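Breakdown of the fold
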Amino acid sequence: MMTGKRLVISALVLALVQIGFLSWIIAGRAAILRDGKDVLLKVEPIDPRDLLRGDYIRLGYEISRIPVKMIANIPADKFSSDDTSIVVRLKKGADGYWQPTVAWFGQAPTPAASDETDIVGHVGEGWSLREEGGSIAPDYGIERFYLPEGEGMAIQDDMRVRPFAVRVAIAANGTPQIKALMDGDKTLFEEPLY
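Remember, it's a predicted structure, so these values are computed and weren't measured experimentally.

Analysis parameters
- Residues numbered from 1 in each chain as written.
- Predicted model: local features only at pLDDT ≥ 70, side-chain atom pairs only at ≥ 80, totals over all residues.
- Heavy atoms only, no water.
- Core = buried A, V, L, I, M, F, W, Y, C linked by side-chain atoms within 4.5 Å.
- Buried < 20%, exposed > 50% of the residue type's maximum accessible area, 1.4 Å probe, protein only.
- Helix = DSSP H or I, 4+ residues; strand = E, 2+ residues; numbered from the N terminus.
- Pairing = 2+ DSSP bridges.
- Axes fitted to C-alpha atoms, helices over the stretch in contact; angles between N-to-C directions.
- Salt bridge = Lys/Arg side-chain N within 4 Å of Asp/Glu carboxyl O.
- Polar contact = N/O pair within 3.5 Å; in protein donor to acceptor, adjacent residues only side chain to side chain.

Moving on, we come to the nonpolar core. By size, the foremost hydrophobic cluster in this structure holds 34 residues, and its most contacted members are Leu59, Tyr61, Ile136 and Leu181. Taken together, the elements giving at least two residues each to this core come down to strand E1 (37-45), strand E3 (54-61), strand E5 (84-92), strand E6 (98-105), strand E7 (116-123), helix H2 (152-159), strand E10 (164-170) and strand E11 (176-183). No other element matches E10, which puts four residues into this core.

What follows covers the sheet that holds E6. The three strands lie next to each other as E6-E5-E7, forming an open sheet whose pairing is antiparallel. The sheet is open, and its two borders are formed by E6 and E7, each paired with just one other strand. On average, each strand axis in the sheet is inclined to that of its neighbour by 30°, with strand direction left out of account. Judged from the eight bridges that link them, E5 and E7 form a sheet pairing that is antiparallel.

Mapped onto the elements, Pro109 comes out in the loop between E6 and E7. The exposed category is assigned to Pro109, whose relative accessible area is 59%. Sequence separation between Pro109 and Asn73 is 36 residues; the distance between their C-alpha atoms is 9.5 Å.

So, on to the pattern of salt bridges. Considering all chains together, one arrives at ten salt bridges under this definition. Taking the shortest distance from any N to any O, the salt bridge between Asp95 and Lys42 comes out at 3.6 Å. Placement of the pair is Asp95 in the loop between E5 and E6 and Lys42 in strand E1, with a sequence separation of 53 residues. Asp118 is the partner of Arg89 in a salt bridge, and the nearest nitrogen-oxygen pair spans 2.6 Å. On the criterion of sequence distance, the pair formed by Arg89 in strand E5 and Asp118 in strand E7 is long-range, its members being 29 residues apart. The pair Arg89 / Asp118 is uniform in exposure class, with both members buried. Residues participating in the shared-partner salt-bridge network are Asp38, Arg167, Lys179 and Glu190.

Once that is clear, we can look at the environment of Arg89. The exposure class of Arg89 is buried, given its relative accessible area of 5%. Each C-alpha atom, one on Arg89 and one on Trp104, is 8.6 Å from the other, the two residues being 15 residues apart in sequence. Within the local environment of Arg89, its side chain forms a polar contact with the backbone oxygen of Thr110, the two atoms lying 2.5 Å apart.

Here is the structure:
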């Protein structure tokens with residue numbers, strides 16, 4: 001009889017831990033969307049469909065390719081990238097879009113000014129750091145945007161003929177979350193907080 005009670009109590013505790021963990025993840029994402037710094041990034045489509053999840057747009061940004069010469073802290077004896085994080089400092093341009101100005105592997109040595117923000121991405125191992133005119137391709141976790149079924153191809157076609165953008169919220173620690181997909185000044189799809 002005691003074994004049955006322990007089993008039920010263990011199952012309840014496990015369920016509460018799982019619910020708490022999922023709530024923590026959702027609340028963290030919502031906090032970034034609610035309190036993060038809004039940044040507008042130009043986008044271009046790469047691929048419109050995921051067979052298991054439906055339509056999505058795989059997005060490329062100006063910050064998806066960082067010139068090696070923009071990275072301020074490459075040691076002289078380093079020839080290729082490690083599996084590491086990268087901080088890219090963004091500044092708002094005259095056209096309203098944010099562009100990269102400087103980047104660092106690891107952490108930024110100084111905080112961003114009030115008219116700047118830092119976005120944190122991840123760089124895989126093996127990118128050349130000595131190739132003339134070379135660049136690296138960080139992953140920021142904002143490269144996919146899922147759409148309602150049947151919308152992906154039409155939006156992909158539209159992106160090829162007129163400018164689209166993504167409004168991104170960036171937390172104080174540099175973690176980004178997509179807030180909305182924009183067609184010019186018009187918001188097409190906005191992410192809910194919860």
